[in-house]
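Now for the letters of each chain:
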Amino acid sequence: MNEKIEIKKKKAAAAEIPIHSIREGAVAASIWRRMSPAGYEYFDFSLCRSWKSLSSGGTGNSRNFFSRNQVELIKVVEEACRWIAAHELEQESNREERN
């Protein structure tokens with residue numbers, strides 16, 4: 001029973017803040033460490049675009065993009081995928097060392 005509670009605690013803590021962020025211009029990728037219900041850890045990423053209103057000066061983030069964000073999106077997605085691939089290799093190597 002304690003093991004299930006620990007997995008839930010780890011899952012909740014891991015979901016709160018990204019473990020790494022990558023930014024290119026207004027586009028950013030947040031990389032998250034997740035845990036499956038079976039206890040398997042994995043990485044994924046989310047994308048956002050920051051904006052600033054010219055009329056009010058207000059700022060915010062959006063999950064929507066314009067065609068003009070294409071170059072930044074490509075760079076951010078490629079870098080996020082490279083980061084995740086490198087850390088997945090590291091995780092696999094650590095698992096093998098423990099066994």
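Here, every reference points to the structure presented above.
Note that residues are indexed from 1 along each chain, following the sequence as it is written. For a predicted model such as this one, the threshold for reporting local features is a pLDDT of at least 70, and the threshold for listing and counting side-chain atom pairs is 80 or more; totals across whole chains, interfaces and linings nevertheless cover every residue. Hydrogens and water molecules were not included; the side-chain quantities draw on all heavy atoms of the structure.

## Observations concerning the pattern of salt bridges
The working definition used for a salt bridge is a side-chain nitrogen of Lys or Arg within 4 Å of a carboxyl oxygen of Asp or Glu. Within this structure, the stated rule accounts for four salt bridges. Close ionic contact of Lys75 with Glu24 constitutes a salt bridge, the shortest N to O distance being 3.9 Å. Linking Lys75 in helix H2 (residues 70-98) with Glu24 in strand S1 (residues 20-24), this pair joins segments that are 51 residues apart in sequence. Residue Arg34 pairs with Asp44 through a salt bridge whose shortest N-O separation is 3.0 Å. Placement of Arg34 in strand S2 (residues 27-35) and of Asp44 in strand S3 (residues 41-52) is noted, with a sequence separation of 10 residues between them. Numbering goes from the N terminus for both helices and strands, where a helix is a DSSP run of H or I of at least four residues and a strand is a run of E of at least two.

## Here we look at the pairing of S2
Relative accessibility thresholds used throughout: buried, under 20% of the residue-type maximum; exposed, over 50%; partly exposed, between the two (1.4 Å probe, protein chains only). Summarising burial for S2: seven of the nine residues are buried, a large majority. Strands were regarded as paired on the criterion that DSSP finds at least two bridges between them. Sheet topology note: the S1/S2 ladder contains five bridges and is antiparallel. Pairing of Arg23 across the sheet is with Ala28, part of S2. Once S1 ends, the chain turns through two residues before running back antiparallel as S2, passing Gly25 with a positive phi of about 60°.

## What to know about the packing of aromatic side chains
How two aromatic rings sit relative to each other is set out by the distance from centre to centre and by the angle between their planes. Each Phe, Tyr or Trp ring (for Trp, its six-membered ring) is paired with any other whose centre lies within 6.5 Å, and the angle between the two planes then decides the class: stacked below 30 degrees, edge-to-face above 60, tilted in between. A full pass over the atoms with the stated rule returns one aromatic pair. When the ring of Phe43 is compared with that of Trp83, the centres are 5.7 Å apart and the planes differ by 90°; the resulting orientation is edge-to-face. Linking Phe43 in strand S3 with Trp83 in helix H2, this pair joins segments that are 40 residues apart in sequence. In this structure, Phe43 and Trp83 share a single accessibility class: buried. Charge-over-ring placement is defined geometrically: NZ (Lys) or CZ (Arg) within 6 Å of the ring centre, and within 35 degrees of the ring normal. Over the ring of Phe66 we find Arg68; its NZ or CZ atom is 4.2 Å from the centre of that ring.

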